[in-house]
Structure formats: structure tokens, C-alpha cells
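Read off the chains here:
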Amino acid sequence: MSSTTPPHIDQPIEPAAPAQGAEQHGAGAHSDGGWDAPDKKIPVQTRSERFQSGDLDAFPTVTGREVNWKFAPLAKLQPLLDGGLDGSAYRFLARQSDGADVEWGRSDDPRVGTAGLPEDRAAAAAWSARDAVLAVTVKATEAHEFITITRSDFGTQPRAAHTVITAEPHAQGIVVLDNRGSALLSENIEIVVQDGARLTVVSLQDWDDDAVHVSTHFAEVGRDAFLKHVVVSLGGDVIRVNPSTHLGAQGADTEMYGVYFADAGQYIEQQVYVNHDAPNTRGRVNYKGALQGKGAHTVWIGDVLIGRAGDGTDSYEQNRNLVLTDGTRADSIPNLEIETGNIEGAGHASATGRFDDEQLFYLQARGIPEEEARRLVVLGFLVEVIQKIGAPELEERLIGAVEQELAEGRSVIVAPAEADA
């Protein structure tokens, strides 16, 4: 189905930030004191203490020195940071089962803000610019509901978008946001998984080569509810997806997966946050990426907070990067905060490396040519995450896309001695 554009209405008034927080813009007092002296102010380093607001003017101009912007190519992102975005409704194509709804809502839809508030200027710019809200609802039926929303008509002008995905109590389903075409887009996606529901949300970035996409995901997971969140980033010039999940009710559970493939000159960033804020919650984060071609750059920052109320927490996060050629860069930063000692377990890991020579030797020893062996190793590395989606048709499409990426770059993955022969 295609969307219809709702009338423009005035933006709702966002709650005002505390006076001190507005002045500090996310800064905190140094433990050594001297807070009254301007030169003593230091930026907040932990994700849990970041300033939050839907007001663009509450955030200072981004300089690139901020901890959450220091890797990003700001020149390409600047049109999305200045405000004045087009937040009107856009055309999309939806395919859905009977127990799922997709509809346009007003910008003052009461569901807005139920999962979180912006933590940076890009998200606040999109938040302030929204003229319409795309509301996706997964109803509680006996079936496993599905919704696929294909978006390919954003164009090249600075745009904003706001989506609220709600899984009703005890509902089950999967929502796929399939992004294609050209875009200069900043968006906020709110995900509310109500008590006892089980929801999978997949964000697929298969943009054209000129696309610039900044996306902030906020998720709120209810009592004994489960959210599987998957980010797949393949196409585009600059992709920055920052998902955060708040486990604020007992027994809340989340699995957050990511798979990405960066080509020459491409920038892909993910900043993942899991907040264990209730007893007996569980979190698993597993992101994997591959890089090939000069100037390919990926960034993964994983933050986990186990709060004082997080007794019985079971949490683990990891990031793995496979470097296929020289000239690439993979930044990987896992962070873990623990405020209670009464937990089941917590850990984090990060690794970046080249091909495992033993794997290549094993395959070549069985008569498989080196180029094919390398292709199989990369597929095996990434497919582990792709197969977690739980949608065979989509998984098959993504495996084919990875194979295409490898085929297009096979001239640079072959060992130099073989390429010169």
C-alpha cells in the first residue's frame, strides 16, 4: 500500500530540560572540584549520563571533538545537524499480515516519546522536524505477524522521519524496515515491546552509493518480553545507526545483532547501548563486519549499563571485524558499567583481524582455490549473524547481497602475488 500525507500541524511542546543541564549540555562536574571555573568543565564520558532532549536548541553545535561524534565525517552529515529538515510524510510500500497495522499519525501522537528521547543533535533535529509519525502495531493474535516496509523515495534533500513500533502484550511478530534508493535522512525509531510480547525488528540499509543516513533507535522492553533487534548495513555512503534498549521491567530480554560490509570510501557506524534497569534481565549483543577497499571505515561502540536495580543480570556484548584489504580502518570500543555485584554474569569482547590462515589452508588442502576459500570464510563469518533474523526469504536475500559485495571486490581480496601473476 502507499501512504497518504497528513496535514501539517504545530509541533507539541517538549518538556523543558533542567536549567543546570541546559547550561552544561551534557557535561558533568570533575571529582577534583573547581566546577565554577569554565575551564574545568569536562564532557560526560558514560552513555548513561548523557543529556536528553527533543529540543534541537538544547544541543550545542557539533565540533567533532565530542566522544560520540569524534569518528564521524561531519562535512557529509552537516545538513542533518543544522535543523530545517523536511519531516513530512513520505511514500512507502507495506506488506503485512492481518494482525499488523501501518498508519500515519499526527506529530503529537501520544506514543511519541514513550521509548526515549534524543541524546544528540542529529536525533533532536529529526525529532523537532517531524510533521507526521509512522505508527506500526503488531497485535496479539495466535499467528506470528509480519510487516515489511520498503522505503525508497526520500530523494536527495535533507529529510527527517519518525517511526513508532508497538508490540501489544503477548504479541509475536517481525517488522522489517527495508531502506533503498538515495537519501539524506535523519530519523528516530521508537520500539515498545509490551509485557509478554516477542518482537523482531530488522533495519536494512541497502541504500544507493550516495545515501547519507543517520538513525537513532530507542527500545523499551516490558516485563518478561523479548526484543530481537537486527541492523544490516550494506549500501550507502555514510551510515550511522545508534540503537539503545532499556530493559526496565523484570525478566526483560534482548538480543541485538548487527552485520555490515564496508567498501572503499564507505563509512558505517553503530553505537549500541543496553541498559539493565530491572531484576533478572538478559542481554546479548553480537555485531560482525567486513571491510574491503581503501578508505573503508567502520565504527562500533558498545555500551552496557547494569544499574543498581539490575540484580540477576546476565549480559554479554561482542564485536568482530574481518579486514579483507589494506587501507581500511575498524574502530571497536566496548564499554561496561556495573553498579551492583549481585549479577549472573557480564562480559564484553572485541577483535579485529585478517583471514585465519589455518582456515584458508584447510579449505585449500581440500582442493578449493584460494579466492573461493576466502569467499567461503567471509560468508561463514557474516552468515552466523544473518541467520539469527529468523526470516528465510530475507536471509537468502542478504546472503546474496554479501556474495555480490565479495564478487565486486574480488580483484582486491586476492593475494597480491596471485593478482600480479
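Residues numbered from 1 in each chain as written. Predicted model: local features only at pLDDT ≥ 70, side-chain atom pairs only at ≥ 80, totals over all residues. Heavy atoms only, no water.

(A) Helix 3 (residues 121–129), seen in detail. By the criterion of burial, helix 3 is predominantly enclosed, with eight of the nine residues buried. Within the sequence span of helix 3, burial applies to R121, A122, A123, A124, A125, A126, W127 and A129. The secondary structure elements touched by the buried residues of helix 3 are strand 7 (158–167), strand 9 (184–193) and strand 11 (212–221). (Buried < 20%, exposed > 50% of the residue type's maximum accessible area, 1.4 Å probe, protein only. Helix = DSSP H or I, 4+ residues; strand = E, 2+ residues; numbered from the N terminus. Contact = heavy atoms within 4.5 Å.)

(B) Here's a closer look at a negative patch on the surface. Together, D208, D209, D210 and E408 make up a negatively charged patch on the protein surface. Along the chain, D208 falls in the loop between strand 10 (198–206) and strand 11. (Patch = residues over 30% accessible without salt bridge, like charges linked within 9 Å, V, L, I, M, F, W, Y side chains within 5 Å. Areas by Shrake-Rupley, 256 points an atom, 1.4 Å probe, with all protein chains shown as cover. Salt bridge = Lys/Arg side-chain N within 4 Å of Asp/Glu carboxyl O. Lys, Arg positive; Asp, Glu negative; His and termini not counted. Charge placed at Lys NZ, Arg CZ, Asp CG, Glu CD.)

(C) Representation of empty space enclosed by the protein in the model. Summed over all chains, the structure comprises one cavity of 30 Å³ or more. Forming the walls of the largest cavity are 13 residues, and the residues nearest its centre are R47, E119, D120, T216 and N242. Looking at the lining of the largest cavity, the elements that each hand over two or more residues are strand 11 and strand 13 (238–247). Broken down by element, the lining of the largest cavity gets its largest block of residues, three residues, from strand 11. Residue classes in the lining of the largest cavity are distributed as three nonpolar, six polar and four charged. (1 Å grid on protein atoms, 1.4 Å probe; cavity = no way out; pocket = protein on both sides within 12 Å on 5 of 7 lines; lining within 4 Å. Points joined across faces, edges and corners; volume = space filled by probe spheres on them. Nonpolar A, V, L, I, M, F, W, Y, C, P; charged D, E, K, R; others polar.)

(D) Representation of the pairing of strand 8 (residues 172–179). Across the eight residues that make up strand 8, a large majority, seven, are buried. Relative to strand 8, strand 6 (residues 145–151) runs parallel, the two being bridged by seven bridges. Looking at the pairing, F146 lines up with I174 of strand 8. The pairing of strand 8 with strand 10 spans eight bridges and is parallel. Looking at strand 10, one finds that L177 is bridged to S203. (Pairing = 2+ DSSP bridges.)

(E) Fine view of the layout of surface pockets. Computed from the structure, the second largest pocket encloses a volume of approximately 410 Å³. Along the wall of the second largest pocket there are 19 residues; nearest its centre are R95, T148, V176, E393 and L394. Among the secondary structure elements, those contributing two or more residues to the lining of the second largest pocket are strand 3 (93–96), strand 6, strand 8 and helix 6 (392–408). Looking at the lining of the second largest pocket, the element that brings in the most residues is strand 6, giving five residues.

(F) Just the pattern of salt bridges, in detail. Across all of its chains, the model carries 23 salt bridges by this definition. Salt-bridge contacts for D237 lead to K76; the nearest nitrogen and oxygen are separated by 3.1 Å. In this pair, D237 sits in the loop between strand 12 (226–235) and strand 13 while K76 sits in helix 2 (residues 74–77), placing the two residues 161 residues apart along the sequence. Classification of D237 as buried rests on a relative accessible area of 18%. Given a relative accessible area of 39%, K76 falls into the partly exposed group. Salt-bridge contacts for R111 lead to D109; the nearest nitrogen and oxygen are separated by 2.8 Å. On the accessibility criterion, D109 (10% relative accessible area) is buried.

(G) Examining the nonpolar core more closely. By size, the foremost hydrophobic cluster in this structure holds 52 residues, and its most contacted members are I191 and L199. In contact with L199, other than residues within four places in its own chain, are V138, I165, A167, G173, V175, I191, V193, F226, L227 and K228. Counting residues in hydrophobic clusters, the runner-up holds 31 residues, among them V230, L324, V383 and L406. (Core = buried A, V, L, I, M, F, W, Y, C linked by side-chain atoms within 4.5 Å.)

(H) Broad picture of the confidence of the model for the protein chain. Here the protein chain shows a mean pLDDT of 88. Residues at 70 or above account for 86%. Considering only residues more than four positions removed or in separate chains, one finds that residues 1–40, a stretch of pLDDT under 50, has 60 contacts. A low-confidence stretch, residues 410–421 stays under pLDDT 50, and its non-local contacts, those more than four residues away or across chains, total 14 contacts. (pLDDT = per-residue confidence, 0-100.)

(I) Representation of the environment of L394 within the structure. The topology assignment puts L394 in helix 6. The class for L394 is buried, based on a relative accessible area of 11%. Apart from the residues lying within four places of it in its own chain, the contact partners of L394 are V176, V202, L204 and I389.

(J) Spatial organisation of the sheet that holds strand 13. The strand order 4-5-7-9-11-13-15-17-19 describes an open sheet built from nine strands, whose pairing is mixed. Among the strands making up the open sheet, the edge pair consists of strand 4 (100–106) and strand 19 (329–338). Mean inter-strand twist for the sheet, computed between neighbouring axes without regard to direction, equals 10 degrees. Summarising the sheet, strand 15 (residues 267–276) and strand 17 (residues 297–306) pair through 10 bridges and their orientation is parallel. Residue pairing for strand 17: Y267 is matched across the bridge by H297. (Axes fitted to C-alpha atoms, helices over the stretch in contact; angles between N-to-C directions.)

(K) The arrangement of the pairing of strand 13 in detail. Counting buried positions along strand 13 yields nine of 10 residues, so the element is predominantly enclosed. The pairing of strand 11 with strand 13 spans 10 bridges and is parallel. Across the sheet, the residue bridging to F218 is S244, located in strand 13. Bridge analysis of strand 13 against strand 15 gives eight bridges, and the strand direction is parallel. Counterpart to V241 in the pairing with strand 15 is Q270.

(L) Just the sheet that holds strand 18 (residues 314–323), in detail. Overall, mixed pairing links the nine strands, which are arranged 3-6-8-10-12-14-16-18-20 in an open sheet. Looking at strand neighbours, the two that pair on one side only are strand 3 and strand 20 (345–353), the edges of this open sheet. Each adjacent strand pair in this sheet contributes to an overall mean axis angle of 5 degrees, direction not counted. Both strand 14 (residues 253–262) and strand 16 (residues 282–291) contribute to a ladder of 10 bridges, which runs parallel. Bridging across to strand 16, F261 finds its partner in A290. Along the sheet, helix 5 (residues 370–386) contacts strand 14, strand 16 and strand 18; its crossing angle with strand 16, the most-contacted strand, is approximately 150 degrees.

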